[in-house]
Amino acid sequence: VAAVGFVVGVLTMATAQSFAVLMLGRVLVGIGVGFGLAIDPLYISELSPPEHRGRLVTWSEFSINVGILLGFSSSLAFYGLEPDAAWRLMVGLGALLPIVMIVLVVCVMPESPRWLVSKGRNEEAVSVLQRLYGPDYNVTELTEAIHESLQKEQEAERTMGWGILLYPTPAYKRILLVGVGVAASQQIVGIDSIQYFLSYILEQSGVTDRKMQGLVLIMFGLLKVVMVFVAANLLDSKGRRPVFFLSLIVIFLSLIMLAINFVVGGENHSSSFTIFCLALYLAAFGVGMGPGAWLIPSEVFPLSIRAKAMSLATFVNRFVATIMASTVLSLTKVISWAGYFVGLATVAVIILVLMYLYLPETSGKSLEEMTVYFAQITGDASVLEVEEAHVAAKTIELSEEGGRRGGGEEEDDDSASGGVLS
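Residues numbered from 1 in each chain as written. Predicted model: local features only at pLDDT ≥ 70, side-chain atom pairs only at ≥ 80, totals over all residues. Heavy atoms only, no water.

A. Focus on the confidence of the model for the protein. Here the protein averages 83 in pLDDT, and 87% of its residues register 70 or above. Mean pLDDT per element in the protein: helix α18 (residues 381-421) is the minimum at 59, and helix α14 (residues 240-265) is the maximum at 93. (pLDDT = per-residue confidence, 0-100. Helix = DSSP H or I, 4+ residues; strand = E, 2+ residues; numbered from the N terminus.)

Listed below in structure tokens is the structure:
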């Protein structure tokens, strides 16, 4: 659905003969992007082993940055064409990768095993997990763990219904705060407002040549792609919290340096130092706040509310992005670019403090462990009681199974003894 919406949208935009049709195409693209942002990290996290989830979910951010790099490169690729033909060709080429995605979905990509279990299609889930984990891995235990986790979450959901989202218990409240809060934080640090106006900032700094601006933008795009590879390793090896903290600290420093450059240099501030600070900001974002903001929501939301909660996180992310990007020029006219950068730096510090207080370390934990993990952190008795009841029922079941097995062995022994005596 996401890929089809994107293809129809970009083709509508590329062939538009009026502003209304152009906006219609943009709406269709927006719907496709919204679906993709919500589904991609969720799907990857549900297929990934806990020890590799950070690395694999990061590929979603990698794809986004490859698209950004191609967009930056198009300014040079179509430099010699007529403006009307250049933008139409640039937009129309955006349909190629979604078409490839449709082919992959139909021919290669399996259904999420956790979704299959939730629909009672256990045999299909076992088959998918066996393909993912290899023939030597015992996926039956993993399937049972998914099923048990789903049962516990459904029991809690039956108790509260939509109240889990509207009136959440302490555990679910922390989960929603972390998942939705991190998604919003990605945009509050100003990535879209800066990224959309990079050419404008470069021009304000004295880089007025269009070709030079294009080369600098391509360099920024390449830098972000490289930093996603760095993030893929750090998020699993060092943990989520340290990488977020590092990212926010460097974002703060780069924004402060940008502000100082604009204040001290005035109208003649250093263009090279501006480029350095922007590169530092984009690198810091790419290593933590970029991929991490989609990784955390994709792994903390329980399966029973995953679709609703991920949709909420995506909506909040895009809503904040719209507000940030649409107000940047108005704000800079009032408080200047230096004031704007200081404001973003202040926000980065606030987010750092909030993450330190509320974001637990989720690295290495399975998706099935998350709800109980947050319940233990918050002391949520309602979730812990359900967990204890399931543990007790499982213990009784194992004891009864052991008793039946032991009784069978005794009968075999008696039969054998009787045979010997006779």
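Right, picking up where we left off after that structure.
B. Structural view of the packing of aromatic side chains. Scanning all chains against the criterion turns up 11 aromatic pairs. Where Y200 meets W337, the ring centres are 6.1 Å apart and the plane angle is 40 degrees; that geometry is what we call tilted. Of this pair, Y200 sits in helix α12 (residues 198-204) while W337 is found in helix α16 (residues 306-358), placing the two residues 137 residues apart along the sequence. With a centroid separation of 5.6 Å and an interplanar angle of 70 degrees, the aromatic rings of F262 and F341 are classed as edge-to-face. Separated by 79 residues along the polypeptide, F262 in helix α14 and F341 in helix α16 bring together distant segments of the chain. A single burial state applies to F262 and to F341, both of which are buried. One aromatic cluster in this structure is built from Y200, F262, W337, Y340 and F341. A cation over a ring is seen here: K365 above Y373, with NZ or CZ 4.4 Å from the ring centre. (Phe/Tyr/Trp six-rings, centres within 6.5 Å; stacked < 30°, edge-to-face > 60°. Buried < 20%, exposed > 50% of the residue type's maximum accessible area, 1.4 Å probe, protein only. Lys NZ or Arg CZ within 6 Å of the ring centre and 35° of its normal.)

C. Up close: the environment of Y133. Among the structural elements, Y133 can be located in helix α7 (residues 122-133). On a C-alpha basis, the gap between Y133 and L47 in space is 9.6 Å, while along the polypeptide they are 86 residues apart. Apart from the residues lying within four places of it in its own chain, the contact partners of Y133 are S48, P49, V139 and L142. (Contact = heavy atoms within 4.5 Å.)

D. Spatial organisation of a nonpolar patch on the surface. There is a patch of nonpolar side chains on the surface, built from V4, V8, L70, L97, V100, M101, I102, L104, V105, V106 and V108 and spanning about 930 Å² of accessible area. Elements that contribute at least two residues to the nonpolar patch include exactly α1 (2-14) and α5 (96-107). No other element matches the 7 residues that α5 contributes to the nonpolar patch. For I102, the position within the fold is in helix α5. (Patch = residues over 30% accessible without salt bridge, like charges linked within 9 Å, V, L, I, M, F, W, Y side chains within 5 Å. Areas by Shrake-Rupley, 256 points an atom, 1.4 Å probe, with all protein chains shown as cover. Salt bridge = Lys/Arg side-chain N within 4 Å of Asp/Glu carboxyl O.)

E. Representation of the side chain of Q186. Mapped onto the elements, Q186 comes out in helix α10 (residues 170-188). Accessibility expressed as a relative area gives 4% for Q186, which makes it buried. The contact partners of Q186, leaving out residues within four places of it in the chain, are E61, I191, F285, M289, G290, A293, W294 and N317.

F. Region of the structure containing the pattern of salt bridges. The tally for this structure, following the rule as stated, stands at 5 salt bridges. Three or more residues are tied together by salt bridges with common partners; here these are R53, D236, R240 and E299.

G. Looking closely at the packing of helix α13 (residues 210-237) against helix α15 (residues 271-300). Here α13 crosses α15 at 40 degrees, and the two axes come no closer than 8 Å. Classified by the angle their axes make, α13 and α15 are oblique. Here the hand of the crossing between α13 and α15 comes out right-handed. Judged by residue contacts, V216, M219, F220, L223, K224, M227, V228, V230, A231, L234 and L235 of α13 engage I275, L278, A279, L282, A283, F285, G286, V287, P291 and L295 from α15. In the contact of α13 with α15, the residues fall into 19 nonpolar, 1 polar and 1 charged. (Axes fitted to C-alpha atoms, helices over the stretch in contact; angles between N-to-C directions. Parallel < 35°, antiparallel > 145°, perpendicular 65-115°, else oblique. Left-handed = near helix turned anticlockwise from the far one by under 90°. Nonpolar A, V, L, I, M, F, W, Y, C, P; charged D, E, K, R; others polar.)

H. Representation of the nonpolar core. Formed by 75 residues in total, the largest nonpolar core has its most connected members in I194, F220, L255, F301, F341 and M355. For F301, the residues in contact, after removing those within four places along its chain, are I175, L176, G179, V180, R306, A309, M310 and A313. Core analysis: the next-biggest nonpolar cluster, separate from the first, contains 10 residues, L116, V117, V128 and L142 among them. (Core = buried A, V, L, I, M, F, W, Y, C linked by side-chain atoms within 4.5 Å.)

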